[in-house]
Amino acid sequence: MTLILGIESSCDETAVAVVRDGLEVLAHTVASQIDLHVRFGGVIPEVASRSHLEALFPLIEDTLSEAGVCLADLDALAVTQTPGLIGCLLVGLSATKGLALATGLPMVPVNHVHAHIYGALMAPTQSDLPTGPQAWVEPGRPLAALVVSGGHTSLYASHASADHRLVGRSIDDAAGEAYDKVAAILGLDYPGGPVIDRLAASGNPTAYTFPRAKVAGLDFSFSGLKTAVLYAARGPNSNRRSPLLANLCIEDLAASFQAAAVDALAEKLVRCAQAIDAQALVVCGGVAANSALRERCTREAAALGLPLYLPTPALATDNAVMVAGLAQQLFAQGQLADLSLDASPRAD
Ligand code: KG4
Ligand code: ZN
């Protein structure tokens, strides 16, 4: 049995989890900073790091006590080391180093993007699928993994828990970033994804024909779509606040934007699955909480005759369950770090 404490602080959620054997969640907590950032319309890195600093140790204590374990029961400490906001990553990493020094526990550095993929394999919504590393039912055949969040929109040919080969990515904005920017254009709160998702449910997705970017291969582009929404909402003279928005139906704009974003994501995921002869699809990251994307990917997976790994909406956004889960695999492979480890804002 392996018991791992996971720590996640790469962006605006401070999260801690205790996971047994890479799959069984004993406790997990997430302290969201949304209330702090909402008045700025986005994440302010310095505010985020300071908030992680305040939240992290009480959260570790609470999570350990909820799991009914103490530090001495653990086998390893896992921490998100890359990619993310450097100040935020450093708070989690420094705290983990302190705990490692005090306890003598080994430290497992985790890649946040890889953790999102592993997280989807831990407890997929379709509950009859083989979980964790068992998802690779046919060795040698990859999974097609779409990681779609505020910081990333990437496609991977995933060959193992920690062997993910990038085959496509956004050449400009991430999809979650586009959701957040479109929300700001429409005068809605940060983070925009959940708000647009909700409004879109009562809008007409064909009210506006927003562009589906023609990007070569398996890459994405979302900045043209964002600009198209800006023009539709405020008119071509977008530098000044136009009274136009007052006369428009926000629900229709939200639904039409969402239809274009989901089309782009789903089409490239399908193309990727075919190109790499995938044995299953994975959709993960904060935007994987989106109801339209979930429905569409479920339909596409059925049409392809492939299993679909989708995390529950609560575990699609940032959490430490995925960090502690993936760390179990890395720990088993001996992928440990010493106290000289540094955080890295960009994954290599
Ligand atoms: O994975 P995540 O929590 O953080 C990053 O690693 O970026 O993703 C956050 C992103 C935000 O851009 C947020 O607007 C988006 O995920 N998001 C959604 C939904 N819930 C969160 N986007 C669309 N629909 C949602 N329901
Ligand atoms: Zn994330």
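Given the structure is predicted, the values throughout are model-derived calculations rather than measurements.

About the thresholds
Residues numbered from 1 in each chain as written. Chains lettered and ligands numbered in written order. Predicted model: local features only at pLDDT ≥ 70, side-chain atom pairs only at ≥ 80, totals over all residues. Heavy atoms only, no water. Donors = N, O, S within 2.8 Å, 3.2 Å for Na, K, Ca; no water. Helix = DSSP H or I, 4+ residues; strand = E, 2+ residues; numbered from the N terminus. Axes fitted to C-alpha atoms, helices over the stretch in contact; angles between N-to-C directions. Parallel < 35°, antiparallel > 145°, perpendicular 65-115°, else oblique. Contact = heavy atoms within 4.5 Å. Nonpolar A, V, L, I, M, F, W, Y, C, P; charged D, E, K, R; others polar. Near = heavy atom within 4 Å. Polar contact = N/O pair within 3.5 Å; in protein donor to acceptor, adjacent residues only side chain to side chain. Areas by Shrake-Rupley, 256 points an atom, 1.4 Å probe, with all protein chains shown as cover. Core = buried A, V, L, I, M, F, W, Y, C linked by side-chain atoms within 4.5 Å. Buried < 20%, exposed > 50% of the residue type's maximum accessible area, 1.4 Å probe, protein only. Pairing = 2+ DSSP bridges. Left-handed = near helix turned anticlockwise from the far one by under 90°.

(A) Structural context of the coordination of the zinc ion (ligand 2). Protein-derived ligands of the zinc ion (ligand 2) are H112 (NE2), H116 (NE2) and D318 (OD), with the metal-ligand distances lying across 2.1 to 2.2 Å. In primary-sequence terms, the residues that donate to the zinc ion (ligand 2) follow H-x3-H-x201-D. Placement of both H112 and H116 in helix 4 (residues 112-122) is noted, with a separation of four residues, approximately one turn of the helix.

(B) Geometry of the packing of helix 4 against helix 11 (residues 321-332). For the pair helix 4 and helix 11, interaxial distance at closest approach is 8 Å and the crossing angle is 90°. Classified by the angle between their axes, helix 4 and helix 11 sit roughly perpendicular to one another. On helix 11, the residues that touch H112, H114, A115, H116, Y118, G119 and M122 of helix 4 are V321, M322, V323, G325, L326 and Q329. Considering only residue class, the contact of helix 4 with helix 11 consists of seven nonpolar, six polar and no charged.

(C) The site of ligand 1, seen in detail. The immediate surroundings of ligand 1 are formed by 20 residues, with G150, D180, D197, N290 and D318 found nearest. In the model, an oxygen atom of ligand 1 is placed 2.7 Å from a nitrogen or oxygen of the D180 side chain. At 3.0 Å from an oxygen atom of ligand 1 is found a main-chain nitrogen or oxygen belonging to D318. If ligand 1 stood free it would expose 550 Å²; the protein chains cover 90% of that surface. Where the shell around ligand 1 is concerned, the elements lending two or more residues are helix 4, helix 5 (175-185) and helix 6 (192-200). Element by element, the count of residues in the shell around ligand 1 is highest for helix 6, at four residues. Residue composition of the shell around ligand 1, grouped by class: five nonpolar, 12 polar and three charged.

(D) View of the nonpolar core. Ranked by size, the top nonpolar core spans 49 residues in total, and within it F210, F222, F257 and V283 carry the most contacts. Among the secondary structure elements, those contributing two or more residues to this core are strand 6 (143-148), strand 7 (153-160), helix 5, helix 6, helix 7 (223-234), helix 8 (250-276), strand 9 (280-284) and helix 9 (291-304). Not counting chain neighbours up to four residues away, the residues in contact with F222 comprise T153, S170, D172, D173, A174, A175, A178, A261, A264 and L265. Ranked by size, the runner-up nonpolar core spans 25 residues in total, among them A27, L64, A95 and L99.

(E) Just the sheet that holds strand 5 (residues 107-111), in detail. Across the sheet, five strands lie side by side as 3-2-1-4-5; this open sheet has mixed pairing. The open sheet has two edge strands with one neighbour each: strand 3 (24-32) and strand 5. Ignoring strand direction, the axes of neighbouring strands in this sheet form an average angle of 20°. Sheet contacts for helix 4: strand 1 (3-8), strand 2 (13-20), strand 4 (76-82) and strand 5; angle to strand 5, the most-contacted strand, approximately 90°.

(F) Region of the structure containing the packing of helix 2 (residues 45-67) against helix 3 (residues 86-103). It is the contact of helix 2 with helix 3, at a shortest axis distance of 8 Å, that shows an interaxial angle of 30°. Between helix 2 and helix 3, the angle is such that the two are roughly parallel. Of the two elements, helix 2 crosses helix 3, and the hand of that crossing is right-handed. In contact with P45, A48, S49, H52, L53, L56, F57 and I60 of helix 2, helix 3 contributes G87, C88, V91, G92, A95 and L99. Looking at the contact of helix 2 with helix 3, its residues break down into 10 nonpolar, four polar and no charged.

(G) Broad picture of unusual backbone geometry. With an omega dihedral of -20°, the bond running from T82 to P83 counts as a cis peptide bond. You can see P83 is positioned in the loop between strand 4 and helix 3. A cis geometry characterises the amide bond from Y190 onward to P191, with omega recorded as -10°. Structurally, the position occupied by P191 is in the loop between helix 5 and helix 6. Of note, the phi angle at D21 is positive, near 55°, even though the residue is not glycine. You can see D21 is positioned in the loop between strand 2 and strand 3. Overall, D21 belongs to the partly exposed group, its relative accessible area being 36%. Positive phi outside glycine occurs at D277, with the angle close to 50°. Here D277 lies in the loop between helix 8 and strand 9. Since its relative accessible area comes to 45%, D277 is described here as partly exposed.

(H) Up close: the pairing of strand 6. Burial analysis of strand 6 places six of its six residues in the buried class, the great majority of the element. Burial along strand 6 is two-sided: L143, A145 and V147 and A144, L146 and V148, pointing in opposite directions, are all buried. In this structure, strand 6 lies alongside strand 7, joined through six bridges in antiparallel fashion. The partner of L143 across the bridge, within strand 7, is S158. The antiparallel hairpin formed by strand 6 and strand 7 contains four residues in its connecting segment.

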